[in-house]
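# Breakdown of the fold
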Amino acid sequence: DDTQARLEGNWQSGQGLKGFVGERYLYHGPKGNASARYDFTVPTSGNYEVRLSYQAHTNRASNARVIVNSARGADVRRVNQRVPGPLPNGFFSLGAYEFKAGETNSVLIENKGADGFVNVDAVQVVPQR
């Protein structure tokens, strides 16, 4: 949930768009510098699907910058947050990544270069079978 993210910048909290995880979601405009970093470890080395939850809206960024830091390094993605995530509960798959047990990994969401509001709600890390 967004309460577990390390935040940089002045994120605003919201509850107006339904379907969020926990008690709220966060958003930040394209101006200034803002980031939300989710650090995590996995219990077993292997491949995991990384999912991002956000509240889609027409004022959201069509190019939200998301960086997944895994055993293979940093993978920079751009996510269109104007379109709802297609997975259950509105999650969007960032792809499958290799993580090693005991190592700190992260998902970083930034407003750098964004063309609208960047939304942060939750991150899921799901083991691949």
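For the structure, check the block above.
The structure contained in this document is the topic of the report that follows. (Residues numbered from 1 in each chain as written. Predicted model: local features only at pLDDT ≥ 70, side-chain atom pairs only at ≥ 80, totals over all residues. Heavy atoms only, no water.)

### Section: the sheet that holds strand 11 (residues 122-127)
Strand order in the open sheet formed by three strands is 8-5-11, and the pairing between neighbours is antiparallel. Only two strands of the sheet have a single neighbouring strand rather than two, namely strand 8 (91-99) and strand 11. Recorded for the sheet is a direction-independent mean angle of 25° between the axes of neighbouring strands. Pairing of strand 5 (residues 46-53) with strand 11 involves six bridges; the strand directions are antiparallel. Each residue of the ladder has a partner; that of Ser53, found in strand 11, is Ala122. (Pairing = 2+ DSSP bridges. Helix = DSSP H or I, 4+ residues; strand = E, 2+ residues; numbered from the N terminus. Axes fitted to C-alpha atoms, helices over the stretch in contact; angles between N-to-C directions.)

### Remarks on the sheet that holds strand 7 (residues 73-79)
Taken in spatial order, the five strands of this open sheet run 1-4-9-6-7, and their pairing is antiparallel. Both outer strands of the open sheet, strand 1 (6-8) and strand 7, are each paired with one neighbouring strand and no more. Going from strand to strand, the sheet's axes swing by 15° on average, the running direction of each strand aside. The sheet contact formed by strand 4 (residues 35-40) and strand 9 (residues 105-110) spans six bridges and is antiparallel. Counterpart to Ala36 in the pairing with strand 9 is Ile109.

### Quick notes on the pattern of salt bridges
Two side chains with opposite charge may pair up if their charged atoms get near one another. All told, the structure shown has eight salt bridges when counted by the stated rule. Here Arg82 and Asp115 are joined by a salt bridge, their closest N and O atoms 3.6 Å apart. One end of the pair, Arg82, is in the loop between strand 7 and strand 8; the other, Asp115, is in the loop between strand 9 and strand 10 (118-120), and 33 residues separate them in sequence. A residue is classified by how much of its surface remains accessible, and Asp115, at 39% relative accessible area, is partly exposed. Linked by salt bridges that have partners in common, Arg6, Arg37 and Asp39 make up one network. (Salt bridge = Lys/Arg side-chain N within 4 Å of Asp/Glu carboxyl O. Buried < 20%, exposed > 50% of the residue type's maximum accessible area, 1.4 Å probe, protein only.)

### Points about the environment of Phe91
Note that Phe91 resides in strand 8. Taking the C-alpha atoms as reference points, Phe91 and Tyr54, 37 residues apart in sequence, are found 7.1 Å from one another. Those residues in contact with Phe91, other than ones at most four positions away along the chain, are Val21, Arg51, Leu52, Ser53, Gly85, Pro86, Ala122, Val123 and Gln124. (Contact = heavy atoms within 4.5 Å.)

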